[in-house]
Amino acid sequence: MPPDPPPAALRLEIDGDALAANWRGLDALSGEARAGAAVKANAYGLGARRVVERLANEGCRDFFVAHWGEAGDLLGVVEPASIAVLHGPMTDRDCAYARATGVRPVINSLAQARRWTAAGGGACDLMIDTGMNRLGLAASEIGDEAVGALDIEVLHSHLASADEDVPLNDLQQRRWAQARVHVPHRRAALANSAGIVLGERFHGELTRPGIALYGGVPCVALSGAIRQVARPAAAVIQVREIEAGEGVGYNTVFVAPRAMRIGTIAVGYADGYLRCWSNRGEMRSRDGTVPVIGRVSMDMTIVDLSDAPTVGEGDWLEIAYNLPRAAASSGLSQYELLTLLGSRFAR
Ligand SMILES: *Cc1c(COP(=O)(O)O)cnc(C)c1O
């Protein structure tokens, strides 16, 4: 047996207390409703197993993933019945898997409803479309007998523009409220993170925050209520002194205006630290903030260490990654910023 490789020179620190505080805050903002958690895409890149374990300890009882394989990764971490698969059963195999494990499918179409019932059925969720036109039954379909045959735990819809003050929010809320009258169900859910602060009418019995759990601030009403959770960090692998006029990195898009001390960091665009951070990103060292200079390359990024004299090879720098600020600076969405972070980060 070869020995285990040594630890990676880049890591994603997850602040579990901030995650827990964000969930408790969103749960409180959900009023009478209970907050669940969207943990699809590996909990937005943070590591679904650890996130789910922590949130379950806080009292979270509903977890949403997109794919069946993502549900499989969570078996043994929480009760299967607390996991729901948003994409629903697209094949008989999906149905058989749901029935064998106890994971709940979210039914999105009449075809999925019939497939689930034909496979033997059981408790499921139902997603209705109220104006986003992405996934879910149309309003005209909810009276169908295939819906009547379902045993619906949660009746869902999803807001297209919860992070904006637009009339579509009210329209979607009214359509969802109408469906609640006509479709038997035990609980109803409409709000994502931003939807929670649209008010009580949007709450139902369950909310489905995602991004705000992980430190994202999708709307001003949530600013101040959310703590940063994910802190990427990478090690300095080399330090050098350069003269004024020397170029740095690919295509030398940075040219030293004076003699400088610079450092090469073990993170690059292959890790999701994209080229938009070239000549723009910042990292935090024990001597203060240091700027990214030159172009981000696949596995490495260069920073100016002139004002960080004690930082040397092997030291770690935290990549500035406050989500609302990083989004404003990079032009990427807060969702992209998190889900981009690659598998080379030790989590
Ligand atoms: C991803 C997702 C959420 C979470 O949305 P955020 O904006 O991240 O809070 C909620 N509901 C559904 C159906 C989703 O797909």
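Residues numbered from 1 in each chain as written. Predicted model: local features only at pLDDT ≥ 70, side-chain atom pairs only at ≥ 80, totals over all residues. Heavy atoms only, no water.

### What about the pairing of strand β18 (residues 316-319)?
Note the following rule: Under the scheme applied here, a residue whose accessible area is under 20% of the maximum for its type counts as buried, over 50% as exposed, and between as partly exposed, the area being computed with a 1.4 Å probe on protein chains only. Where helices and strands are cited, they refer to DSSP runs of H or I of at least four residues and of E of at least two residues respectively, numbered from the N terminus. Two strands qualify as a pair provided DSSP detects at least 2 bridges between them.
Here β18 shows a clear split, with Leu317 and Ile319 buried on one side and none of Trp316 and Glu318 buried on the other. Note that strand β11 (residues 230-242) and β18 share 3 bridges and pair antiparallel. The residue of β18 that forms the bridge with Ala233 is Glu318.

### Looking at unusual backbone geometry
The phi dihedral of Ala41 falls on the positive side, at around 50°, and the residue is not glycine. Within the secondary structure, Ala41 is located in helix α2 (residues 40-44). Even without being a glycine, Ala43 presents a positive backbone phi close to 55°. Inspection of the secondary structure assignment puts Ala43 in helix α2. Of the residues examined, Ala43 reaches a relative accessible area of 0% and is grouped as buried.

### Overview of the site of the ligand
Rule in force here: Consider each residue's heavy atoms; a residue with any of them within 4 Å of a molecule or strand counts as near. Here a polar contact is recorded for every N or O atom pair within 3.5 Å, except that within protein the pair must consist of a potential hydrogen donor and a potential acceptor, and residues adjacent in sequence are included only if both atoms are side-chain atoms. Any residue that is not Ala, Val, Leu, Ile, Met, Phe, Trp, Tyr, Cys, Pro, Asp, Glu, Lys or Arg is counted as polar, Gly included; the first ten are nonpolar and the last four charged.
As a matter of local geometry, the ligand sits amid 14 residues, with Lys40, Tyr44, Ser193, Ile211 and Tyr335 nearest to it. Here an oxygen atom of the ligand and a side-chain polar atom of Asn192 are 3.3 Å apart. Contacts to the ligand include Arg208, whose side-chain N or O atom sits 2.8 Å from a nitrogen atom. Broken down by class, the residue content of the shell around the ligand amounts to 7 nonpolar, 4 polar and 3 charged.

### Some remarks on the packing of aromatic side chains
Each aromatic ring pair is described using two quantities: the centre-to-centre distance and the angle formed by the ring planes. This is how the line gets drawn: Between rings of Phe, Tyr and Trp, where Trp is taken as its six-membered ring, a pair exists when centres lie within 6.5 Å; planes separated by under 30 degrees are stacked, by over 60 edge-to-face, and by other angles tilted. Charge over a ring is defined by NZ of Lys or CZ of Arg lying within 6 Å of the ring centre and within 35 degrees of the ring normal.
Per the stated rule, a full pass over the model turns up 4 aromatic pairs. The interplanar angle of 85° and the centroid separation of 6.2 Å between the aromatic rings of Trp68 and Tyr97 together place this pair among those described as edge-to-face. Here the residue Trp68 occupies a position in helix α4 (residues 68-74), and Tyr97 occupies one in helix α5 (residues 92-101), the gap between them amounting to 29 residues. Taken together, a centroid distance of 5.7 Å and an interplanar angle of 5° make the contact between Tyr273 and Trp277 stacked. For the pair Tyr273 and Trp277, a shared accessibility class is recorded, and that class is buried. Through successive ring pairs, a cluster of aromatic residues spans Tyr44, Tyr214 and Tyr335. Arg180 extends its terminal NZ or CZ atom over the ring of Trp176, reaching a point 4.7 Å from the ring centre.

### Brief notes about the side chain of Asp271
Put simply, the rule is: Only heavy atoms enter the contact rule, under which two residues are in contact if any of them lie within 4.5 Å.
In this structure, Asp271 sits in the loop between β14 (260-265) and β15 (282-285). Within polar-contact distance, the side chain of Asp271 engages the side chain of Arg344 at 2.7 Å. Once you skip the residues sitting within four places of it in the chain, Asp271 turns out to touch Leu10, Ala266, Met298, Leu340, Leu341, Gly342, Arg344 and Phe345.

### Let's talk about the pattern of salt bridges
The criterion, for reference: One speaks of a salt bridge when a side-chain nitrogen belonging to Lys or Arg is within 4 Å of a carboxyl oxygen belonging to Asp or Glu.
Using the criterion set out here, one finds 19 salt bridges in the structure. Close ionic contact of Arg187 with Asp62 constitutes a salt bridge, the shortest N to O distance being 2.9 Å. Linking Arg187 in strand β9 (residues 187-189) with Asp62 in the loop between α3 (48-58) and β4 (63-65), this pair joins segments that are 125 residues apart in sequence. Linking Glu241 and Arg261 is a salt bridge whose minimum nitrogen-to-oxygen distance equals 4.0 Å.

### Some points on the state of the cysteines
Cut-off, in case you're wondering: Two cysteine sulfurs form what is called a disulfide whenever their separation falls within 2.5 Å.
The tally for this structure, following the rule as stated, stands at 0 disulfides. Not engaged in a disulfide, the cysteine Cys60 finds its nearest cysteine sulfur in Cys219; these two sulfurs lie 19 Å apart. Residue Cys124 stays outside any disulfide, its sulfur separated by 10 Å from that of Cys95, the closest cysteine. Assessed through its relative accessible area of 0%, Cys124 is described here as buried.

### Describing the nonpolar core
Formally: For the purposes of this section, nonpolar cores are sets of buried Ala, Val, Leu, Ile, Met, Phe, Trp, Tyr and Cys residues that join through side-chain atoms within 4.5 Å. Here the bounds of each domain stem from an automatic or database domain assignment.
Within the largest apolar cluster, 92 residues are counted, with the highest numbers of intra-cluster contacts made by Val39, Leu55, Phe63, Leu126, Tyr214, Val267 and Met283. Summarising the domain contributions, this core has at least three residues from each of domain 1 (15-215) and domain 2 (230-339). Residue contacts for Val267: discarding those within four places in its chain leaves Leu10, Ala234, Tyr273, Met283, Asp299, Met300, Thr301, Ile319 and Phe345.

### What to know about the domain arrangement of the protein
Just so we agree on the cut-off: Once two parts are joined, some of their accessible surface, as seen by a 1.4 Å probe, is lost; buried area is that loss totalled over both.
Along its sequence, the protein is carved into domain 1 (15-215) and domain 2 (230-339). Computed over C-alpha atoms, the centres of domain 1 and domain 2 are 38 Å apart. Listed by partner, the interface residues are 6 residues for domain 1 and 7 residues for domain 2. Buried area between domain 1 and domain 2, summed over both chains or domains, comes out near 640 Å², and the portion from carbon and sulfur atoms is 68%. For the pair domain 1 and domain 2, the interface holds 0 salt bridges. Residue composition of the side of domain 1 that touches domain 2, by class: 4 nonpolar, 2 polar and no charged.

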